[in-house]
Amino acid sequence: MPTPSSVLYISPTLDYKASFDGKDFEVTKSKNTLIASRVFYNDIVIHSFKINANTSDEELRTLVEIKMYEEAGLDVNKRYKIVYVKKRLDFADTVLIEAFAIDAENTKESLSKVLKQEKYIDFLVLPFLSYETLYTHKVLAPKNDLFVYIHENEAFLALYKGGEYIATKSIFTLNDILKKLKNEAIVLEIEALVTLLSTKGLDSTQYSHEETSLVTALQNVFVELFTKINDVLLHNRSVYGFDYADRIFMSVANGRVRGLREFLISFGYTDSALHDFKLVKNCSNEYPMACILASYVFDKFAQADMRHNVTFFVRPPQFLKTQTGKLTLSIIAAAFLLSLYPLYLSFNLHSLQVQFEELTLQNNAIKKNAATYNAQLLKIKASLLEGHQLQDEQTKNLENITQSIDELYVMKQGTKTYTDFIVKINRLLKRYALMVRSIEQKGSDKMSIEVVATPSQRDTIAKFMEDLLKEGFIGVTTNEIRSDKELYISKIEIER
């Protein structure tokens, strides 16, 4: 598809729009303007798995489909759009695949307001991939970046390393924060919470003595939020080497949280620069995310890159470019030529008579060469026979593929014992609130884990090992307990 004159992004809630022509925002819509929107984060099914780096693209597409239905639990009775991202790992022989599935029926309902206004949606965005445009347009220099997006019913984070997307995760929405405050006997409406975050936020000096419980509860929620974010960073440190967030970009209801910078410093983000989403200089939209999304979609059309376009509402091609249009044009042309045929006959009767005599001579020559044509016919029959043989071979190949899929399913069933093993270990880790630095599975009966504990939790490592023995594991040993930046790290070998 050629580069459009502009892109018009429409929010699924129709609260705001943004248009972009590659240079300027808020440009006038024209007949060549393409329409874009995005899916809600909660409507995306996400599943990750590793593959051999030598897997071909065709094999990978088939494998992604199988994994999403068998492992991610897609409903075979529903229609989905499935796309994926390939992520490079430090191991040359392994690639991590992160696949995304969108339910057609659910998407149509979520975008009902947009579809009432526009018949077609040319590009449907996975929102956490859109920050790529900030690096494409050199708004940001590639670094380790954390993007945090929090709104009323939707919240997620996205990690980018060196300008490339590596991970996403759902986090607390504003409604989730309201529920947590309600558990502390603090009842607020959504508008009041948004105002509170922007005017007082996490800055305890802005609260009166009577509001001490409110600021304490709010700070506790953000402690819980960034504890979850730290867990995501820790996981991606071991997988991608994402050691630290150089920059944090955070948007809460399209605005900033007062006192957040000081809060993050106290939380340990001493070297992280904090920004909001107002990154595109010539974007006057009060919803800066809209400009980011519009810019991203324009880039994708300019690059002719539709790999991550999950739209179901495709604009049909122009009529004359379709097969029906081409056939109609051919019929019209033939009818026009036929209307001229009688006139042509009247002016070219003599020429036709000469041609008739020549054709008669040619016909006689053709009859004399009948043997040659018969030989060619035999060759054609032989080719047809080869075609049938090739079809038989392809049928056998298809049967072999079917058998391979069945074998893969049997192999998958056999991995349940590994899952039982991990579930028991994970339950005990949660009981003692221990963090895990690494897990190494050694067959179906052995596992090596590195457990991280604070000084106050050091005794819990021994209790954790005692409970492992009570659970029936026959071998539980630890070879080392070392201190790493005021944390205790213990490597535990487990055998069942």
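Each chain has its residues counted from 1, following the order in which its sequence is written. Given that the model is predicted, a residue must reach a pLDDT of at least 70 before its local features are reported, and side-chain atom pairs must reach 80 or more before they are shown or counted; all residues, however, enter totals for whole chains, interfaces and linings. Calculated side-chain values reflect all of the structure's heavy atoms, with hydrogen atoms and water omitted.

All right, on to the overall build of the chain then. Each helix and strand counted, the chain has 14 helices and 16 strands in total. Exposure categories follow from relative accessible area, calculated using a 1.4 Å probe and restricted to protein chains: below 20% of the type maximum is buried, above 50% is exposed, and the middle band is partly exposed. Burial status across the chain gives 38% buried among its 496 residues. Whether two residues are in contact is decided by their heavy atoms: any pair within 4.5 Å suffices. Taking all contacts inside the chain whose residues are at least 6 apart in sequence as the whole, residues at least 24 apart take part in 66%. Areas reported as accessible are Shrake-Rupley estimates using a 1.4 Å probe. Residue values count occlusion only from the protein chains shown. Accessible surface, the chain: about 29,200 Å² in total, of which carbon and sulfur atoms supply 54%. For the purposes of this entry, the term helix denotes a DSSP run of H or I that reaches at least four residues, the term strand denotes a run of E that reaches at least two, and both are numbered from the N terminus.

Another point: the nonpolar core. Within the largest apolar cluster, 56 residues are counted, with the highest numbers of intra-cluster contacts made by F100, L126, F128, Y131, L134, F147 and V297. Per element, the largest residue contribution to this core is 10 residues, and it comes from helix α9 (residues 288–302). Those residues in contact with V297, other than ones at most four positions away along the chain, are V7, A36, F123 and V125. Formed by 46 residues, the second largest nonpolar core is a distinct cluster that contains V148, I177, V221 and I248. Note on terminology: a nonpolar core comprises buried Ala, Val, Leu, Ile, Met, Phe, Trp, Tyr and Cys residues joined through side-chain atoms within 4.5 Å.

With that settled, consider the sheet that holds strand β1 (residues 6–10). Pairing is mixed across the open sheet formed by four strands, whose spatial order is β2-β1-β3-β7. Whereas interior strands pair on both sides, the edge strands pair on one side only; in this sheet they are β2 (17–20) and β7 (123–125). With strand direction ignored, the average angle separating the axes of adjacent strands in the sheet is 25°. Any two strands between which DSSP finds at least two bridges are classified as paired. As judged from the four bridges shared by β1 and strand β3 (residues 33–38), these two strands associate in the parallel manner. The residue bridging Y9 from the neighbouring strand is A36, located in β3. Where α9 meets the sheet, it contacts β1, β2, β3 and β7, and its direction lies at approximately 140° from that of β1. The convention used is that axes are lines fitted to C-alpha atoms, helices contributing only their stretch in contact, and that angles between N-to-C directions extend from 0 to 180 degrees.

Turning next to the state of the cysteines. Only a pair of cysteine sulfur atoms within 2.5 Å qualifies as a disulfide here. Counted by the stated rule, this structure contains one disulfide. Residue pairing for C283: its cysteine sulfur links by disulfide to C291, the two sulfurs lying 1.9 Å apart. The chirality of the disulfide connecting C283 with C291 is right-handed, given an S-S dihedral of about 70°.

Aromatic ring pairs are described here by two measures, namely the spacing of the ring centres and the angle between the planes. Working definition: a ring pair exists when centres of Phe, Tyr or Trp rings (six-membered ring for Trp) sit within 6.5 Å. Plane angles under 30 degrees give stacked, over 60 give edge-to-face, the rest tilted. For the structure shown, the criterion picks out 30 aromatic pairs. Both a distance and an angle decide whether a charge sits over a ring: NZ of Lys or CZ of Arg must be within 6 Å of the ring centre and within 35 degrees of the ring normal. The cationic tip of K67 hangs over the ring face of F49; the distance from NZ or CZ to the ring centre is 5.4 Å. Positioned above the aromatic ring of F172, the side-chain terminus of K180 is 4.6 Å from the ring centre.

Our next topic: the packing of helix α6 (residues 190–199) against helix α7 (residues 212–240). Contact geometry for α6 and α7: axes closest at 13 Å, N-to-C directions at 90°. Classified by the angle their axes make, α6 and α7 are roughly perpendicular. Here L193, L196 and L197 of α6 come into contact with α7, specifically with L214, L218 and F222. All residues other than Ala, Val, Leu, Ile, Met, Phe, Trp, Tyr, Cys, Pro, Asp, Glu, Lys and Arg, Gly among them, are scored as polar; the first ten of these are nonpolar and the last four charged. Here the contact of α6 with α7 is composed, by residue class, of six nonpolar, no polar and no charged. The labels follow the angle: roughly parallel below 35 degrees, roughly antiparallel above 145, roughly perpendicular from 65 to 115, and oblique for the rest.

It is worth spelling out the sheet that holds strand β4 (residues 44–52) at this point. If you walk across this open sheet you meet the three strands as β4-β6-β5, and the pairing is antiparallel. The open sheet has two free edges, formed respectively by β4 and β5 (80–88), since each of these has just one partner strand. Mean inter-strand twist for the sheet, computed between neighbouring axes without regard to direction, equals 25°. Here β4 pairs with strand β6 (residues 94–103) via nine bridges, running antiparallel. Residue pairing for β6: I51 is matched across the bridge by V95. Lying over the sheet, helix α1 (residues 57–70) contacts β4, β5 and β6, oriented at roughly 120° with respect to β5.

With that out of the way, let us pick up the layout of surface pockets. For the largest pocket, the calculated volume is near 2,000 Å³. A pocket here means an open set of points on a 1 Å grid, computed over the protein atoms alone, that has protein on both sides within 12 Å along at least five of seven lines. A cavity is instead a set of points where a 1.4 Å probe fits but cannot get out; residues with an atom within 4 Å of a point line either one. As for the largest pocket, its lining consists of 47 residues, of which S48, K50, H235, V239 and I439 are closest to the centre. Elements represented by at least two residues in the lining of the largest pocket include exactly β4, α1, β6, β10 (164–170), α7, α13 (416–431) and β13 (435–442). The greatest single-element share of the lining of the largest pocket, amounting to nine residues, is contributed by α7. Among the residues forming the lining of the largest pocket, the class breakdown is 24 nonpolar, 12 polar and 11 charged. Grid points are joined across faces, edges and corners, and a volume is the space filled by probe spheres set on the points. In this model, the second largest pocket occupies a volume close to 1,100 Å³. Residue lining of the second largest pocket: 25 residues in total, with N230, L234, R237, M435 and L487 positioned closest to the centre.

Note on placement: E98 falls in strand β6. A distance of 2.5 Å separates polar atoms of two side chains, one belonging to E98 and the other to K87. Excluding residues within four positions of it along the chain, E98 makes contact with I46, H47, S48, V83, Y84, V85, K87, Y165, I166 and T168. Any pair of nitrogen or oxygen atoms within 3.5 Å is treated as a polar contact; in protein, a donor-acceptor pairing is required on top of that, and neighbouring residues in sequence qualify only through side-chain atoms on both sides.

Mapped onto the elements, D246 comes out in the loop between α7 and β11 (247–252). On a C-alpha basis, the gap between D246 and K143 in space is 6.6 Å, while along the polypeptide they are 103 residues apart.

A separate point is α1. Each residue after the first adds 1.5 Å to the expected span of a helix. Its 14 residues give α1 an end-to-end C-alpha distance of 20 Å, which sits within 8% of 20 Å, the value for a rise of 1.5 Å per residue. Check the buried side of α1 and you find it contacts β4, β5 and β6.

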